[in-house]
Amino acid sequence: MKNTRYICLTILCALSLQGCSPHPGAGHWQAVENTDSSFSKITVEIEGRAELLPTDRAAETQRCFWSSKTADGIQLQCTQGDDSGLEFLYLLTVDSNSNEPVATLTQGSRQIGVYRRQPQL
């Protein structure tokens, strides 16, 4: 009886901690070399904020809020840093099947760029 309680408690703890792990899209992403990416870097913070840094240094950084769309994709709702009032919707989809995760940023059906996760310092 005591073992059964211990096993049930362990399973309950494991299930509750599973919801606390970060989304696969969270992290720092760098554009893959030799690809035509509109953004050089994407930063997705765990608390729901993100930034898209454009490859064109004269362009404004886009600041975003993100939410989980699927188990491997997040939706980014972004505005330009100059607060022009324009909003942009993107989908960042992570392919975790390889040794090094790769993410694809799309806007509608148009691919914006391909990114690799950068190690955290």
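Look a little higher up for the structure.
In this text, all values refer to a predicted model and were calculated from it rather than measured experimentally. (Residues numbered from 1 in each chain as written. Predicted model: local features only at pLDDT ≥ 70, side-chain atom pairs only at ≥ 80, totals over all residues. Heavy atoms only, no water.)

Turning to the state of the cysteines, a few remarks are in order. In a disulfide, the sulfur atoms of two cysteines are covalently bonded to one another. Tallied over the full model, the rule gives 1 disulfide. Disulfide pairing is shown between Cys64 and Cys78; the S-S distance is 2.0 Å. Here the disulfide of Cys64 and Cys78 is right-handed, its torsion about the S-S bond being about 100°. With Cys64 in strand β4 (residues 62-68) and Cys78 in strand β5 (residues 73-80), the pair connects residues that are 14 residues apart, well separated along the chain. Here the two residues Cys64 and Cys78 agree in accessibility, since each one is buried. (Disulfide = S-S within 2.5 Å. Helix = DSSP H or I, 4+ residues; strand = E, 2+ residues; numbered from the N terminus. Buried < 20%, exposed > 50% of the residue type's maximum accessible area, 1.4 Å probe, protein only.)

Membership of the largest hydrophobic core comes to 19 residues, with the highest contact counts inside it found for Trp29, Ile42, Val44, Leu76, Tyr90, Leu92 and Leu105. Broken down by secondary-structure element, the contributors of at least two residues to this core are β2 (39-44), β3 (49-54), β4, β5, β6 (87-95), β7 (102-107) and β8 (110-118). By residue number, the principal contributor to this core is β6, which donates 4 residues. (Core = buried A, V, L, I, M, F, W, Y, C linked by side-chain atoms within 4.5 Å.)

So, about the packing of aromatic side chains. One pass over the full model with this rule turns up 2 aromatic pairs. Here the aromatic rings of Phe39 and Tyr90 are separated by 5.9 Å at their centres, their planes lie at 85°, and the arrangement is edge-to-face. Highlighted residues: Phe39 in strand β2 and Tyr90 in strand β6, separated in sequence by 51 residues. When its relative accessible area of 5% is taken as the criterion, Phe39 is described as buried. Residues Phe88 and Tyr90 carry aromatic rings whose centres are separated by 6.4 Å and whose planes lie at 20° to one another, so their mutual orientation is stacked. Overall, the relative accessible area of 6% leaves Tyr90 in the buried class. Grouped by ring-pair contacts, the aromatic residues Phe39, Phe88 and Tyr90 constitute a single cluster. (Phe/Tyr/Trp six-rings, centres within 6.5 Å; stacked < 30°, edge-to-face > 60°.)

With respect to the helices, strands and loops of the structure, Ser37 is situated in the loop between β1 (27-31) and β2. Each residue touching Ser37, except ones within four places of it in the same chain, is listed here: Ala31, Thr55, Ile112, Gly113, Val114 and Tyr115. (Contact = heavy atoms within 4.5 Å.)

So, on to the side chain of Thr43. Among the secondary structure elements, Thr43 is positioned in strand β2. Residue classification places Thr43 among the buried positions, given a relative accessible area of 10%.

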